[in-house]
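The residues making up each chain are set out below.
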Amino acid sequence: MNAEKVRVIACGAIAREVLAIREANGLSHIDLLCLPAIWHAHPEKITPGVEQAIAEARAEGFSRIFVGYADCGTGGLLDRLCEREGVERIAGPHCYSFFAGNEAFAAKDDDVTSFFLTDFLARQFRAFVIEPLGLDRYPQLKDMYFGNYEKLVYLSQVEDEGLQQKAKEAADYLGLAYEYRFTGYGDLTGELLHAR
């Protein structure tokens, strides 16, 4: 029986961050299960995937479960699932918000025309932005997808010059101005410290 442990069902795009927070804070009671990161491009898969993972966690004996997703484009479906299942999730509309800090993110009026990257997306820009959007095959789509954006904002969880360079290259590729903001883990740390 794993009653003392907390199963955290998280997006694979935040796995490194969850593990780093677990390690830095001695949260050995957190048992991490990650679902496919590419679901950020297919949010309709998130709620059914989390529902299945909750059922599997309960079948394994976990009574304490925490959902490591913000709403992430589910349009409230994830909240309804969490309410029905009696579990909590990370607060916020998406990972950009909770990494920046939900209050700080909501207060930035000029971010409406910003395209965001996290460490994960800076590392995986080709596999998680270029290829799913078909920009490698149809470069003319770039203006259609990104024509209304003015800047790429890199919300950095760790200070890494290599990732900063990758983020700058992504901004250049998209023809956007580049802005760097070191956020650390934002609200994620507090959420995991209180996960139950």
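The structure contained in this document is the topic of the report that follows. Because the structure is predicted, anything quoted here is derived from the model rather than measured. (Residues numbered from 1 in each chain as written. Predicted model: local features only at pLDDT ≥ 70, side-chain atom pairs only at ≥ 80, totals over all residues. Heavy atoms only, no water.)

With that settled, the discussion passes to the pattern of salt bridges. Taken as a whole and judged by the stated rule, the model has ten salt bridges. Its salt-bridge partner being Lys151, residue Glu179 comes within 2.8 Å of it at the nearest N-O pair. Of the two residues, Glu179 is situated in strand 7 (residues 177-182) and Lys151 in strand 6 (residues 151-156); the sequence distance between them amounts to 28 residues. On the accessibility criterion, Glu179 (22% relative accessible area) is partly exposed. (Salt bridge = Lys/Arg side-chain N within 4 Å of Asp/Glu carboxyl O. Helix = DSSP H or I, 4+ residues; strand = E, 2+ residues; numbered from the N terminus. Buried < 20%, exposed > 50% of the residue type's maximum accessible area, 1.4 Å probe, protein only.)

Moving on, we come to the nonpolar core. In this structure, Val50, Tyr69, Phe115, Leu117, Leu152, Leu188 and Leu192 are the most contacted members of the largest nonpolar core, which totals 61 residues. Apart from residues no more than four positions distant in its own chain, Leu192 is found in contact with Val8, Val18, Ile21, Leu27, Ile30 and Phe66. (Core = buried A, V, L, I, M, F, W, Y, C linked by side-chain atoms within 4.5 Å. Contact = heavy atoms within 4.5 Å.)

We now examine helix 1 (residues 15-24). Of all the residues in helix 1, the buried ones are Ala15, Glu17, Val18 and Ile21. Looking at the buried residues of helix 1, the elements they touch are strand 1 (6-11), strand 2 (30-35), helix 4 (95-100), helix 6 (119-123) and helix 10 (188-193). Where helix 1 ends, the next residue or the one after it, Gly26, has phi of about 60 degrees, a positive value.

Before going further, it helps to examine helix 9 (residues 161-174). Over its 14 residues, helix 9 runs 20 Å from end to end, which matches the ideal 20 Å to within 8%, given 1.5 Å per residue. For helix 9, the set of buried residues is Leu163, Gln164, Ala167, Ala170, Ala171 and Leu174. The buried residues of helix 9 occupy one face: seen down the axis, they fall within an arc of 115 degrees. Projecting away from the buried face of helix 9 at angles above 90 degrees are the exposed residues Glu161 and Asp172. Looking at the packing, one finds that the buried side of helix 9 touches strand 5 (114-117), helix 6, helix 7 (125-130), helix 8 (141-146), strand 6 and strand 7. Its side-chain oxygen 2.8 Å from the backbone nitrogen of Gly162, Asp160 forms the N-cap of helix 9. Trailing helix 9 by a residue or two, Gly175 shows a phi angle of about 70 degrees, which is positive. (Expected span 1.5 Å × (residues − 1). Arc of directions from axis to C-beta. Polar contact = N/O pair within 3.5 Å; in protein donor to acceptor, adjacent residues only side chain to side chain.)

Pairing in this open sheet of four strands is parallel, and the strands run 2-1-3-4 from one edge to the other. What marks the edges here is a single partner per strand, and that holds for strand 2 and strand 4 (88-89). Contacting strand 1 and strand 2, helix 1 crosses the sheet at an angle of about 175 degrees to strand 2. The strands that helix 2 (residues 46-59) touches are strand 1, strand 2 and strand 3 (64-68); relative to strand 3, the one it contacts most, it runs at about 160 degrees. (Pairing = 2+ DSSP bridges. Axes fitted to C-alpha atoms, helices over the stretch in contact; angles between N-to-C directions.)

Let us look at the layout of surface pockets. Quantified by volume, the largest pocket comes out at close to 570 Å³. Taken together, 30 residues line the largest pocket, and the ones lying closest to its centre are His40, Ala41, His94, Tyr96 and Leu121. Sort the elements by how many residues they give to the lining of the largest pocket and helix 4 lands first, with three residues. Partitioned by chemical class, the residues of the lining of the largest pocket number 25 nonpolar, five polar and no charged. (1 Å grid on protein atoms, 1.4 Å probe; cavity = no way out; pocket = protein on both sides within 12 Å on 5 of 7 lines; lining within 4 Å. Points joined across faces, edges and corners; volume = space filled by probe spheres on them. Nonpolar A, V, L, I, M, F, W, Y, C, P; charged D, E, K, R; others polar.)

Further remarks concern the side chain of Glu17. Turning to its location among the elements, Glu17 is positioned in helix 1. This buried residue, Glu17, is left without a salt bridge; Arg123 holds the nearest opposite charge, at 4.8 Å. Ignoring any residue separated from it by four or fewer positions in sequence, one finds Glu17 in contact with Phe99, Asp119, Gln157, Tyr185 and Leu188. (Lys, Arg positive; Asp, Glu negative; His and termini not counted.)

In this description, an aromatic ring pair is defined by two values, namely the gap between the centres and the angle between the planes. With the rule as written, the count across this model stands at ten aromatic pairs. Each ring, one from Tyr145 and one from Phe146, has its centre 6.4 Å from the other, and the planes form 70 degrees; the classification is edge-to-face. By relative accessible area, Tyr145 is classed as partly exposed at 37%. Grouping aromatic residues by their ring pairs yields a cluster made of Phe115, Tyr145, Phe146 and Tyr149. Note that Lys142 overlies the ring of Tyr173, its terminal NZ or CZ placed 3.9 Å from the centroid. (Phe/Tyr/Trp six-rings, centres within 6.5 Å; stacked < 30°, edge-to-face > 60°. Lys NZ or Arg CZ within 6 Å of the ring centre and 35° of its normal.)

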